[in-house]
Amino acid sequence: ISLHPIGGFAAVSSNGSFQKIPSLSFTTPSVGTAGLNACMSSTAHCIAAEPQFTFFKVSLRDGEREVAYETAVLGRLRPGYRVFRMRDVTLGTRIDLCVIFVRISHGPISHSALPDEWLTSKQLHHRVNKLALALHEKEEELDAISQLTRVTRLTVGALNDKRVTFLDP
C-alpha cells in the first residue's frame, strides 16, 4: 500500500501511531505459497491532510517485482468491503480474475498517535491567529517606540540649536 499526496501530507502506519517523518508506504509480510487465494490479515492505517487529493495505491509483488496494481482517491473510498480489480503494470489494463478483497473503515484520529509537529487544521488555524495577534501587538509597540524616538529627537534638537528637524528612524 502506498499514498501519493498531491498537496499536504499523508502517512501510512501498521499500528495506528505515526512517526515524525511519515512513511508513505506499507508492505505486508509475504504469504508464501498460498496459491490463487492468498489470505492476509494485515491492517494499514492511512491519514492524509487532503484525502480528496491523495492517491491510494495497492500493489502485488512477486519477490521484488511489482506485478499488479490498482489506484483510487483516498477520500472517495467508502467504508465496507470492497474489491480492487488489479491492473497490469506495463499496460495498465485490467487483469481478468485478479482482485483484492479488502475491508475499509473510517474512524476518528487519535491525536495522541500523531507527533506533536502534526497539527489538525483547527489547531493550525488557532496558532496562525495567535501569531497574527502577537505580530499586530509588536507592530503597535514598535510604532509607539518610533513616535517616542521622534519626539525625543525633536526636543533635543530644539534645545540645542533652536531648530526643528524631523528624523525618520
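Everything below is about the structure shown above.
Bear in mind the structure is a predicted one, so any value in this text is a computation, not a measurement.

### Some remarks on the pattern of salt bridges
Line of reasoning, step 1. The full count for this structure, using the stated rule, is 3 salt bridges.
Line of reasoning, step 2. Here Arg87 ties to Glu70 by a salt bridge, and the two come within 3.0 Å at their closest N and O atoms. With Arg87 in strand 6 (residues 80-88) and Glu70 in strand 5 (residues 65-73), this residue pair connects regions lying 17 residues apart in the sequence.
Line of reasoning, step 3. Measuring nitrogen to oxygen at the nearest pair gives 3.8 Å for the salt bridge that ties Glu70 to Arg94.

### Points about the nonpolar core
Line of reasoning, step 1. If you look at the biggest cluster of nonpolar residues, it comprises 16 residues, and the most contacted ones within it are Leu3, Phe56, Val58, Leu74, Leu77, Phe84 and Met86.
Line of reasoning, step 2. For this core, the secondary structure elements donating two or more residues are strand 2 (10-13), strand 4 (54-62), strand 5, strand 6 and strand 7 (94-104).
Line of reasoning, step 3. Looking at this core element by element, the count peaks at 3 residues for strand 7.
Line of reasoning, step 4. Each residue touching Leu3, except ones within four places of it in the same chain, is listed here: Ala10, Ala11, Val12, Leu24, Cys46, Ile47, Thr54, Phe55, Phe56 and Leu74.

### Examining a negative patch on the surface
Line of reasoning, step 1. On the surface, Glu137, Glu139, Glu140, Glu141 and Asp143 cluster together to form a negatively charged patch.
Line of reasoning, step 2. Relative to the helices and strands, Glu141 is located in helix 1 (residues 121-161).
Line of reasoning, step 3. Assessed through its relative accessible area of 45%, Glu141 is described here as partly exposed.

Definitions and limits used
- Residues numbered from 1 in each chain as written.
- Predicted model: local features only at pLDDT ≥ 70, side-chain atom pairs only at ≥ 80, totals over all residues.
- Heavy atoms only, no water.
- Salt bridge = Lys/Arg side-chain N within 4 Å of Asp/Glu carboxyl O.
- Helix = DSSP H or I, 4+ residues; strand = E, 2+ residues; numbered from the N terminus.
- Core = buried A, V, L, I, M, F, W, Y, C linked by side-chain atoms within 4.5 Å.
- Buried < 20%, exposed > 50% of the residue type's maximum accessible area, 1.4 Å probe, protein only.
- Contact = heavy atoms within 4.5 Å.
- Patch = residues over 30% accessible without salt bridge, like charges linked within 9 Å, V, L, I, M, F, W, Y side chains within 5 Å.
- Areas by Shrake-Rupley, 256 points an atom, 1.4 Å probe, with all protein chains shown as cover.
- Lys, Arg positive; Asp, Glu negative; His and termini not counted.
- Charge placed at Lys NZ, Arg CZ, Asp CG, Glu CD.

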